[in-house]
Amino acid sequence: INAEYGKQWYQRRVREAVVSTQSTGIPNTNTTMLRFTTLLLVLSGATLATDQETFRLSFGQKGLDWFETVVATMEDIIKEIIMGGLVITPMDLNGVEVTNLKMRDIELPKPELSIVPSKGYRLNSELTMVIDGDWSFGFLGGDLTVNTKLNLDTVAGVDADMKNGIFRTAAGSCDVDFISLEIDMKNEFLNNIAKGMVEDVKERIAGIVCKEVNTALDTSFNDLFQAIPHEVKLHLLTRDIVFGFGPDSNPVFSSDHVDVPCRVQAQSKIPFPFAPPRGISDSVDPEFIGCVLLSEHLVNSVSFLALGKGAIRENIPNKRFPIGSDLTNTAYFKKSLPQLYKAYPNKDVVYKISNLRYPKLEFERNLQKVDVPLRVLIQIDGATVINLKLSLKTRGHLNIAGNVITGSCDEIKTKTVVVSSKIGDIDAGLANDIMDDLFSKTIIPDVNAFFKKGFRLPCVDKVIDTKKAIAETKDDFLRVCGDFELTDYTLAVVRREVEKIVDKFTLDY
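Residues numbered from 1 in each chain as written. Predicted model: local features only at pLDDT ≥ 70, side-chain atom pairs only at ≥ 80, totals over all residues. Heavy atoms only, no water.

Trainee: So, the overall build of the protein: which residues are in play, and what are the values?
Mentor: When you go through the protein residue by residue, the secondary structure sums to 12 helices and 21 strands. Counting all 509 residues of the protein, 46% fall into the buried class. In the protein, once contacts between residues fewer than 6 apart in sequence are set aside, the share between residues at least 24 apart is 68%. Only carbon and sulfur atoms are counted for the fraction: they give 54% of the accessible area of the protein, which is about 25300 Å². (Helix = DSSP H or I, 4+ residues; strand = E, 2+ residues; numbered from the N terminus. Buried < 20%, exposed > 50% of the residue type's maximum accessible area, 1.4 Å probe, protein only. Contact = heavy atoms within 4.5 Å. Areas by Shrake-Rupley, 256 points an atom, 1.4 Å probe, with all protein chains shown as cover.)

Okay, structure coming up:
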């Protein structure tokens, strides 16, 4: 089985496929089913992650089973790729020339993927093929049909190429076991002669198959990985953020799961004002298809870039506390801060709250903390009467139900400093009590009401249907695990993009 296109053509097709499909996982080449299925054999190795790891993908056999099902939905498209682009080289079998070999039909049962501890993935796939061709022996000749069913068993590995920032695949073992092979030369006498060539044909096809698999793993997929961009721009919260990503170390293949350590870093022109990454030390929950683990460092880098000074603003009066409500009149402070009421009796009050720096998140086991310094201005008749600076610290929990995130803010602590006051000195303890009371009646109830109701993950609801999921905070990282199915919309988009690749290939071919 051969693909006689030049390297430049191949690299160009790879880049077009990456751009047009945004990495759907199927390169735009004229490769066979063997190259397509070996795309599943991308990861291998057995080294430990470093303390620079900020992102980890972890999945077990259940995740591989899910991916098998996704691939099976594309069987008709894969078949079209093979039927349109497969070229089988001529054979010389003891003087009998076999030429013009073309695929007439192929059956592609769902491939089986499994983990080979400390090595990589094993792909086991059964293929049934019908091939037509011509034969000649001296002045004699005619047409023939080869019917074969074979079992492909191969293992692939990969190294983390830190210099180029990619995972680099490498061929491992490859075995082809023929379940059956028949040569029909359209004549009973000739068919009896052909039986003597079966073993030679098996040996020739097995060598060709394994050579194709090894070429795909040692060359083709590495070209694909090299073409994939190492940066991606995402719009998060208030702005576009550019993330760089690449491997942290070789994936770790255990007996029941695979960990893929990565370095994902939000790019910043100035250094981050917090500690460097500390690494991640956890894996998949085997109850789920897969898990994503995000380091505290990665989450804080997003917070630093998107929620810097002044990005968070809250003003009162608002819809919850309109003008005329208790909080918006100085009479509210008649007992707690009598000097304010005495200086401004029955006056409307405006509160302006803004952050002085990014919210810093801290993950602990089954607990998340947020620390953010705030500026609180208390204004009357458009003038600032009290200027406060405080540190707000909260403790809470997150959970996921389906595609909906829920949670709670269980505790709040404030430490208040009076920056300026037009009503005389204010005791720091008193100011702290006032802020505790203010936030317990305003921001905290709003946050809890919001998280109790929950909110759907943006875009995810349209892309995947989450059957069950769990969010857990660990020491220095967040782990989100889930079972999900691709929606009809997603499958339609994937099919449409893959079909574009097939159309391009057909035109080029």
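That was the structure; now back to the text.
Trainee: Account for unusual backbone geometry, naming residues and giving values.
Mentor: The step from I316 to P317 runs through a cis peptide bond, and the omega angle for that step is 20°. Mapped onto the secondary structure, P317 falls in the loop between β13 (313–316) and α8 (338–343). In the Ramachandran plot, D381 falls in the positive-phi region, its phi being about 55° despite a non-glycine side chain. Its identity is not glycine, yet D476 carries a phi of approximately 80°, on the positive side.

Trainee: I'd like a description of the pairing of strand β1 (residues 55–60), backed by residues and values.
Mentor: As judged from the 6 bridges shared by β1 and strand β11 (residues 257–266), these two strands associate in the antiparallel manner. Considered in β11, the bridge of F59 is made with V258. Taken together, the 5 bridges between β1 and strand β12 (residues 290–295) define a ladder with antiparallel strand orientation. In the sheet register, S58 faces β12, and the bridge partner there is C291. (Pairing = 2+ DSSP bridges.)

Trainee: Go over the nonpolar core with me, naming the residues and quoting the values.
Mentor: Counting residues in hydrophobic clusters, the biggest one holds 39 residues, and the most contacted among them are L150, V176, L181, I183 and I205. Elements supplying a minimum of two residues to this core: β2 (91–93), β3 (96–107), β5 (120–137), β6 (140–161), β7 (166–184) and α6 (198–227). With 12 residues, the single largest contributor to this core is α6. Those residues in contact with L150 that lie beyond four places of it in its chain are S125, E126, L127, M129, V176, D177, F178, I179 and I205. (Core = buried A, V, L, I, M, F, W, Y, C linked by side-chain atoms within 4.5 Å.)

Trainee: Account for the side chain of S58, with residues named and values stated.
Mentor: For S58, the location among the structural elements is in strand β1. Looking at S58, the relative accessible area reads 0%, which means it is buried. A polar atom in the side chain of S58 sits 2.7 Å from the backbone nitrogen of V284. (Polar contact = N/O pair within 3.5 Å; in protein donor to acceptor, adjacent residues only side chain to side chain.)

Trainee: Mind laying out the packing of aromatic side chains, listing which residues take part and the relevant values?
Mentor: Applying the stated criterion across every chain, the model contains 8 aromatic pairs. The ring of F288 carries K468 above its face, with NZ or CZ at 5.3 Å from the centroid. (Phe/Tyr/Trp six-rings, centres within 6.5 Å; stacked < 30°, edge-to-face > 60°. Lys NZ or Arg CZ within 6 Å of the ring centre and 35° of its normal.)

Trainee: Could you give an account of the pairing of β5, naming the residues involved and the relevant values?
Mentor: Across a regular strand the side chains alternate sides, sitting on one face of the sheet and then on the other. Relative to β5, β3 is paired through 8 bridges, and the arrangement is antiparallel. By the bridge assignment for β5, M103 is matched with I131. When strand β4 (residues 112–116) meets β5, the two strands line up antiparallel, connected through 5 bridges. If you follow S114 over to β5, its bridge partner there is R122. Counting the residues between successive antiparallel strands, the hairpin from β4 to β5 contains 3 residues, one of them, S118, with a positive phi of roughly 70°. Where β5 lies against β6, 17 bridges are found, and the strand directions are antiparallel. Bridging from a neighbouring strand, D132 pairs with T145 of β6. As consecutive antiparallel partners, β5 and β6 are separated by 2 residues, and within that stretch G138 has a phi angle of approximately 65°, a positive value.

Trainee: Can you explain helix α7 (residues 296–306)? Please cite residues and give values.
Mentor: Judged by how many residues are buried, α7 sits mostly within the fold: 10 of 11 residues are covered. Looking at α7, one finds that the buried residues are E296, H297, L298, N300, S301, V302, S303, F304, L305 and A306. Along its buried surface, α7 packs onto β8 (231–236), β9 (239–247), β11, β12, β15 (360–364) and β21 (477–486).

Trainee: I'd like to hear about a nonpolar patch on the surface, residue by residue, with values.
Mentor: A grouping of V232, L234 and F245 is seen on the molecular surface, where their side chains present a nonpolar patch of about 220 Å² in accessible area. Position of F245 relative to the elements: it lies in strand β9. (Patch = residues over 30% accessible without salt bridge, like charges linked within 9 Å, V, L, I, M, F, W, Y side chains within 5 Å. Salt bridge = Lys/Arg side-chain N within 4 Å of Asp/Glu carboxyl O.)

Trainee: Outline the environment of V258, listing residues and values.
Mentor: Residue position: V258 is located in strand β11. In this structure, the C-alpha to C-alpha distance between V258 and F59, residues 199 residues apart in sequence, is 5.5 Å. Sequence-distant contacts of V258, that is, excluding residues within four places in its chain, are made with L57, S58, F59, I115, Y121, P251, V252 and F253.

Trainee: So what's going on with the pattern of salt bridges? Residues and values would help.
Mentor: All told, the structure shown has 19 salt bridges when counted by the stated rule. Between R263 and D248 there is a salt bridge; the shortest N-O distance is 2.8 Å. In this pair, R263 is assigned in strand β11 and D248 in the loop between β9 and β10 (252–253), connecting sequence segments 15 residues apart. Residue D282 pairs with K474 through a salt bridge whose shortest N-O separation is 3.9 Å. With D282 in the loop between β11 and β12 and K474 in strand β20 (residues 464–474), the pair connects residues that are 192 residues apart, well separated along the chain. Sharing partners across several salt bridges, the network here consists of K62, E287, K468 and D483.

Trainee: Could you give me a rundown of the environment of L181, with the residues and numbers involved?
Mentor: Along the chain, the position of L181 falls in strand β7. Looking at L181, the relative accessible area reads 9%, which means it is buried. When the C-alpha positions of L181 and N147 are compared, they lie 5.7 Å apart, and in sequence the two are 34 residues distant.

Trainee: Explain the side chain of E296 to me, using residue names and the numbers behind them.
Mentor: Mapped onto the elements of the fold, E296 is located in helix α7. No salt bridge is formed by the buried E296; its nearest oppositely charged neighbour, R278, is found at 5.1 Å. With residues near it in sequence (within four places) discarded, E296 still touches L361, E362, F363, D476 and F477. (Lys, Arg positive; Asp, Glu negative; His and termini not counted.)

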